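Secondary and tertiary structure notes
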Amino acid sequence: MSLAVGDGANDVSMIQMANIGVGISGVEGQQAVMASDFALSRFHYLHKLLVVHGHWCYDRIARMILYFYYKNAVFVLLVFWYQLYNGWSGSVAIEDLYLLLYNLIFTSVPPVVVAIVDQNVPPDVLLSHPRLYSAGQEDRVYNRFHFWVTMLDALWQSLALYFTSHLAYFDSDVGHFEFGTTQNTACVLTVSLHLMIETQYWTWIHHLTLWGSLAVYLATGLVYNLLVAFPPYYVMEHTIGTVEFWTVTFLSTFIALFPRLFIRAINGSFYPSPVLLARMAALRKS
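A brief look at the structure comes next. (Residues numbered from 1 in each chain as written. Predicted model: local features only at pLDDT ≥ 70, side-chain atom pairs only at ≥ 80, totals over all residues. Heavy atoms only, no water.)

Next up on the list: the pairing of strand S2 (residues 20-24). The element S2 is extensively covered by neighbouring structure, given that 4 of its 5 residues are classed as buried. Both strand S1 (residues 3-6) and S2 contribute to a ladder of 4 bridges, which runs parallel. Its bridge partner lying in S2, Gly6 is registered against Gly23. Pairing geometry for S2 and strand S3 (residues 38-40), over 3 bridges, is parallel. Of the residues in S3, the one forming a bridge with Ile24 is Leu40. (Buried < 20%, exposed > 50% of the residue type's maximum accessible area, 1.4 Å probe, protein only. Helix = DSSP H or I, 4+ residues; strand = E, 2+ residues; numbered from the N terminus. Pairing = 2+ DSSP bridges.)

With that settled, the discussion passes to helix H9 (residues 176-198). Taking 1.5 Å of rise per residue, 23 residues should cover 33 Å, and H9 covers 33 Å from first to last C-alpha, within 8% of that figure. Burial runs high along H9: 19 of the 23 residues are buried. (Expected span 1.5 Å × (residues − 1).)

Here Asn86 is to be found in the loop between helix H3 (46-83) and helix H4 (96-106). Engagement of the side chain of Asn86 in a polar contact is seen with the side chain of Gln83, the distance being 3.3 Å. (Polar contact = N/O pair within 3.5 Å; in protein donor to acceptor, adjacent residues only side chain to side chain.)

Here Arg260 is to be found in helix H12 (residues 243-270). The exposure class of Arg260 is buried, given its relative accessible area of 15%. Within the structure, Arg260 has its side chain in polar contact with the side chain of Asp153 (distance 2.7 Å). When residues no more than four places from it in sequence are discounted, the contact partners of Arg260 are Asp153, His194 and Glu198. (Contact = heavy atoms within 4.5 Å.)

All right, on to helix H8 (residues 144-168) then. Counted at 1.5 Å a residue, the expected span for H8 with its 25 residues is 36 Å, and the 36 Å between its end C-alpha atoms agrees. Listing the buried residues of H8 in full gives Thr150, Met151, Asp153, Ala154, Gln157, Ser158, Ala160, Leu161, Tyr162, Thr164, Ser165 and His166. Along its buried surface, H8 packs onto H3, H9 and H12.

By the alternation rule, side chains of S1 split into Ala4 and Gly6, which are all buried, and Leu3 and Val5, of which none is buried. A crossover connection joins S1 to the parallel S2 through helix H1 (residues 12-17); in handedness this β-α-β unit is right-handed. (Right-handed = clockwise from strand over helix to strand, strands pointing away.)

Below, the discussion takes up the packing of H3 against helix H5 (residues 109-117). Their axes nearest at 8 Å, the elements H3 and H5 cross at an angle of 160°. Compared by their axis directions, H3 and H5 come out roughly antiparallel. Pair H3 / H5 crosses with left-handed handedness. Contacts between H3 and H5 pair Arg60, Ile61, Met64, Tyr67 and Phe68 from the former with Pro111, Val114, Ala115, Ile116 and Val117 from the latter. (Axes fitted to C-alpha atoms, helices over the stretch in contact; angles between N-to-C directions. Parallel < 35°, antiparallel > 145°, perpendicular 65-115°, else oblique. Left-handed = near helix turned anticlockwise from the far one by under 90°.)

In the Ramachandran plot, Asp139 falls in the positive-phi region, its phi being about 55° despite a non-glycine side chain. For Asp139, the position within the fold is in the loop between helix H7 (134-137) and H8. One non-glycine residue with positive phi stands out, namely Tyr234, at about 65°. Among the structural elements, Tyr234 can be located in the loop between helix H10 (204-227) and helix H11 (235-239).

Strand order in the open sheet formed by 3 strands is S1-S2-S3, and the pairing between neighbours is parallel. Both outer strands of the open sheet, S1 and S3, are each paired with one neighbouring strand and no more. Direction aside, neighbouring strands of the sheet carry axes that sit 20° apart on average. With respect to the sheet, H3 is in contact with S1, S2 and S3, its orientation differing from that of S3 by roughly 140°.

This part covers a nonpolar patch on the surface. On the surface, a nonpolar cluster with roughly 550 Å² of combined accessible area is contributed by Val223, Leu226, Leu227, Tyr233 and Tyr234. Mapped onto the fold, Tyr233 is located in the loop between H10 and H11. For Tyr233, a relative accessible area of 47% puts it in the partly exposed group. (Patch = residues over 30% accessible without salt bridge, like charges linked within 9 Å, V, L, I, M, F, W, Y side chains within 5 Å. Areas by Shrake-Rupley, 256 points an atom, 1.4 Å probe, with all protein chains shown as cover. Salt bridge = Lys/Arg side-chain N within 4 Å of Asp/Glu carboxyl O.)

This is how it looks when you write it as structure tokens:
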């Protein structure tokens, strides 16, 4: 990617051709500013724009791209494993409304918030350690290795979510939609907790969107199951009143997330990255 910085009309073509254009407003007019993606009043602020905001933008966008791949892979694979036991009929245990709203409402807002406001390192640390900017230049966060590790994690989590409930309800009289409701609830909870693990800078907006999304999911299921006059009528209300539902939901979520938590603990303890070391140093000082 290319970055162009200009402060005059003669720089407009260069700014427009670059991937990212920065215009400096000054004595040469506003033409460069009008054609740029970012506008600064002085060249002095370019250092902070690159070292701080550039680092933040790369880190959070790279992690959220991986997260979007992950959460969709988990959900699709969860539906796929069910085909092994229904004769490849194409039917799903998860209600159609949940399939529609999974990406539209239940898991959409929190990652957008993280991609906009997350900060993995305080700004003063980035300014005092400009070498941390090299994380973006060297593609340390988003690369082939991290992509395939994320896909393997998604595969494991889908297996844990599906087969925990499959084994728990094996040879029982549990209904088709009750089985799917348990799986879907565990899936929404797991991807939400996964995002909490990835979040490194907590604000009230993060809490509102994360816990609010889970509350919206539960409220949607309860209201929808009361309004319809056909299956899954009253399924959510009945399912959440059983011990099996809560046991399977929390157990499958723990099994799904344990490898990621374990690897994070090992990496943080024995193989910390320069960014993590900088964060730890900043926490010690505070």
